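Structural overview
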Amino acid sequence: MEHLFDSAGEDPKHVFCALYRAGLLGYVHHDRIRGESVQRFLRPGDATLEPDGVLPPATHYLVHPVLSDVIGRVNPDYLQRIDRVNVVGYGRPWRETRIDDRPVRVETLCVLKADVHGFGSLMRSGADAPVRKALEDAVKRWCQGAKIVESRGGDALLVVHDDPVALAQTARQIMDEVYQAPGQPRLRMALHHGEVQMREHDLAPVIAGGDAILCAARVEPHVEPGQIWATEDFRRELARKPSLWRATSVPGPDGGDRFNVKKEGGAEPDLWVRLYRLEL
């Protein structure tokens, strides 16, 4: 919406504040009297039109239907993303849309699953903070082109990408950067290519499941610290594009050419995969 104010020379940081004070941008707040979440827009006389740079704190901000119509005429795709559960309007109740109720789409993509080896020991010794920071900074720097990035607990990482070469390079860069942190922590990284289930949440895709996520998660604990291992499916996809990556077969624990990566102690069926160590 900022482009609507460019011609007037409006300071971009105040655009949404101006919309709010004009009654065109609302928000969701909890009404203690009604005991439910409701929508609120400023009405004439509720506030002056001078923006003060502050919006009320809220989990959701809402575009008034009048402005939505204008935006929809300029950008028809905008109307396809309108909430189908809630009708926007002053005083109307707000019902949360459960993520699980939203449609799932399936795509064949590349997946990276990684964790910091020995992170529990770092936590017990109080030396985990620099490692968390190093991983966070590395993810921000090297995951710009990814479709989905999830970092959990300060030591685990899940990345979904449509380019196998870019994902392999991302893995290498993150591993090298985190290794520079105190204690030289080493990551275990697993790469796979397969089906990923996704949903839309706040206009961005989130992971809903998929065989590729499960397989990468099962392979990662078998990876040697400081190395990047890939499945046969990922190696095949990587070979479709020119790159300097070399894939060396990793022998299984019994001397064969496959690993059974099913979760130990569970009722899961066997999951046999061929694994390769990626190197430049």
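In what follows, the accompanying structure is described. Quick caveat, the model's predicted, so the values are computed rather than measured.

Turning our attention to the overall build of the protein chain. Secondary structure summary: the protein chain contains 7 helices and 13 strands in total. Looking at the protein chain as a whole, 38% of its 280 residues qualify as buried. For the protein chain, contacts bridging at least 24 residues in sequence account for 67% of all contacts bridging at least 6. Carbon and sulfur atoms provide 50% of the accessible area of the protein chain, an area that totals close to 16100 Å².

What follows concerns helix α7 (residues 232-239). Three or more residues of α7 are buried, namely E232, F234 and L238. What you see down the axis of α7 is that its buried residues fit within an arc of 160°, all on one side. On its buried face, α7 is in contact with β4 (105-116), α5 (164-179), β7 (187-201), β9 (228-231) and β13 (275-279).

Moving on to the pairing of β4. Relative to β7, β4 runs antiparallel, the two being bridged by 12 bridges. The residue bridging V106 from the neighbouring strand is Q197, located in β7. When β4 meets strand β6 (residues 156-161), the two strands line up antiparallel, connected through 6 bridges. Considered in β6, the bridge of V111 is made with V160.

Let us look at helix α2 (residues 65-74). For the α-helix, the turn length of 3.6 residues means that residues three or four positions removed from each other point alike. Among the residues of α2, those classed as buried are L67, S68, I71 and G72. Relative to the axis of α2, the buried residues are bounded by an arc of 140° and lie together on one face. Away from its buried face by more than 90 degrees, α2 exposes V66 and R73.

Moving on, we get to the packing of helix α4 (residues 129-142) against α5. Relative to each other, α4 and α5 sit at 150°, their axes nearing to 9 Å. For the element pair α4 / α5, the angle class is roughly antiparallel. Between α4 and α5 lies a crossing whose hand is right-handed. Between α4 and α5, the residues in contact are V131, A134, L135, D137, A138, V139, R141 and W142 and T170, Q173, I174, E177 and V178, respectively. A per-class count over the contact of α4 with α5 returns 8 nonpolar, 2 polar and 3 charged.

Attention now moves to the pattern of salt bridges. Tallied over the full model, the rule gives 21 salt bridges. With a closest N to O distance of 3.1 Å, E237 and R240 form a salt bridge. Residue classification places R240 among the exposed residues on the basis of a relative accessible area of 59%. The salt bridge partner of E279 is R277, with a shortest N-O separation of 3.4 Å. Within this structure, R105, E107, K147 and E200 form a network of salt bridges that share partners.

What follows is about the side chain of E232. Within the secondary structure, E232 sits in helix α7. Among the polar contacts made by the side chain of E232, one reaches the side chain of R235 at a distance of 2.7 Å. Setting aside residues up to four positions removed in sequence, E232 forms contacts with R274 and Y276.

This paragraph deals with unusual backbone geometry. For Q184, which is not a glycine, the phi torsion comes out positive at approximately 50°. Here Q184 shows up in the loop between α5 and β7.

Basis of the calculations
Residues numbered from 1 in each chain as written. Predicted model: local features only at pLDDT ≥ 70, side-chain atom pairs only at ≥ 80, totals over all residues. Heavy atoms only, no water. Helix = DSSP H or I, 4+ residues; strand = E, 2+ residues; numbered from the N terminus. Buried < 20%, exposed > 50% of the residue type's maximum accessible area, 1.4 Å probe, protein only. Contact = heavy atoms within 4.5 Å. Areas by Shrake-Rupley, 256 points an atom, 1.4 Å probe, with all protein chains shown as cover. Arc of directions from axis to C-beta. Pairing = 2+ DSSP bridges. Axes fitted to C-alpha atoms, helices over the stretch in contact; angles between N-to-C directions. Parallel < 35°, antiparallel > 145°, perpendicular 65-115°, else oblique. Left-handed = near helix turned anticlockwise from the far one by under 90°. Nonpolar A, V, L, I, M, F, W, Y, C, P; charged D, E, K, R; others polar. Salt bridge = Lys/Arg side-chain N within 4 Å of Asp/Glu carboxyl O. Polar contact = N/O pair within 3.5 Å; in protein donor to acceptor, adjacent residues only side chain to side chain.

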